[in-house]
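# Structural characterization, general
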Amino acid sequence: MTPTATVPANYLHSAGFRRLSVREYHDIIKAGILTDGEPIELLEGYMVQKMARGTSHDSVMDSLDGLWPDVVPDGWFVRSQRAITLADSEPEPDYAIVRGPRSRYRTTHPTPSDVGLVVEISASSLLIDTSDKARIYAAAGVPVYWVVNLPDRRVEVFTDPDPSAGRFRNRVEFQAGDSVPVVLDGTAVGSIAVAAILP
């Protein structure tokens, strides 16, 4: 299945595709039409199949799993491949650092005001992550967005979202030898070396 997020929006509109609201998407899940763990996420009203994960992707996740505890402060916690609810999307980023306590998400997913940092690890999904998802996260006002760019062996950090334009005003590339600051609520709480996460 070709992810609809890569198809030009004008084609989608002219082809007559119907967008789903987040509520309708939740109803589909509750009805059992989508099963638990099915690789689907809602992006701008379209149900999109998530890309398969390769060895390099999972290696980065293994590395970050071990590094987050050293930099994520009290009051925040890390969610991995779990949904966040936006106005017309419900992506499932590789990581989202969100406000605690964990109990606040027993009946709802985090929303943009709960999110401090989102991370996508990108190989085959690089185009979607740096264009479509960057637009979606910026439009939602997510303050910091990392793309771990595996083909180019760097971490791209997007900040200063402009929700009305659906874009981030700033983008900085961090290469091997650099450390990426972990910024929550506008404050650097630590850093992660690019070399420590790239396979």
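Preceding this paragraph is the structure being described.
Notes on the structure in this doc start here. This one's a predicted model, so the numbers in the text were calculated from it and none came from an experiment.

Parameters and conventions
Residues numbered from 1 in each chain as written. Predicted model: local features only at pLDDT ≥ 70, side-chain atom pairs only at ≥ 80, totals over all residues. Heavy atoms only, no water. Phe/Tyr/Trp six-rings, centres within 6.5 Å; stacked < 30°, edge-to-face > 60°. Helix = DSSP H or I, 4+ residues; strand = E, 2+ residues; numbered from the N terminus. Buried < 20%, exposed > 50% of the residue type's maximum accessible area, 1.4 Å probe, protein only. Lys NZ or Arg CZ within 6 Å of the ring centre and 35° of its normal. Pairing = 2+ DSSP bridges. Axes fitted to C-alpha atoms, helices over the stretch in contact; angles between N-to-C directions. Contact = heavy atoms within 4.5 Å. Core = buried A, V, L, I, M, F, W, Y, C linked by side-chain atoms within 4.5 Å.

Attention shifts here to the packing of aromatic side chains. If you walk through the whole model with that rule in mind, you get seven aromatic pairs. Aromatic pair tryptophan 68 and tryptophan 146: ring centres 5.9 Å apart, planes at 40°, arrangement tilted. Here the residue tryptophan 68 occupies a position in helix α3 (residues 55–71), and tryptophan 146 occupies one in strand β6 (residues 144–149), the gap between them amounting to 78 residues. With respect to class, tryptophan 68 is no different from tryptophan 146; both count as buried. Between tyrosine 145 and phenylalanine 168 the ring centres are 6.2 Å apart and the planes differ by 25°, which places this aromatic pair in the stacked class. Highlighted residues: tyrosine 145 in strand β6 and phenylalanine 168 in strand β8 (residues 167–175), separated in sequence by 23 residues. Three or more aromatic residues link up through ring pairs in this structure, and these residues are Tyr137, Tyr145, Phe158 and Phe168. Seen from the ring of tyrosine 105, arginine 79 lies directly overhead, with NZ or CZ sitting 5.7 Å from the centre.

Next up on the list: the sheet that holds strand β3 (residues 76–80). Pairing within the open sheet is mixed, and its six strands lie in the order β3-β4-β5-β6-β7-β8. Of all strands in the sheet, those bounded by a partner on one side alone are β3 and β8. The mean angle between the axes of side-by-side strands here comes to 20°, regardless of whether they run parallel or antiparallel. Pairing analysis gives five bridges linking strand β5 (residues 115–122) to β6, with the strands arranged parallel. Looking at the pairing, valine 119 lines up with tryptophan 146 of β6. Helix-sheet contacts for α3 involve β3, β4 (95–99), β5 and β6, and the interaxial angle to β5 is about 150°. Against the sheet, helix α4 (residues 126–140) touches β5, β6, β7 (154–162) and β8, its axis set at about 175° to β6.

Let's shift gears to the nonpolar core. Trp68, Leu117, Trp146, Val148 and Val155 are the most contacted members of the largest nonpolar core, which has 26 residues in total. For this core, the elements supplying multiple residues, two or more each, are α3, β4, β5, β6, β7, β9 (179–184) and α5 (194–197). Here this core gets five residues from one element, more than from any other, and that element is α3. The contact partners of valine 148, leaving out residues within four places of it in the chain, are Val60, Val119, Glu120, Ile121, Ser122, Arg154, Val155, Ile197 and Leu198.

Remember that side chains alternate between the two faces of the sheet whenever the strand is regular. Every second residue of strand β2 (residues 46–49) is oriented toward a common face, the buried set being Tyr46 and Val48 and the non-buried set Met47 and Gln49. Bridge count for strand β1 (residues 40–43) against β2 is four bridges, and the pairing is antiparallel. Residue pairing for β2: isoleucine 40 is matched across the bridge by glutamine 49. Connecting the antiparallel pair β1 and β2 is a turn made up of two residues, with glutamate 44 showing a positive phi of about 50°.

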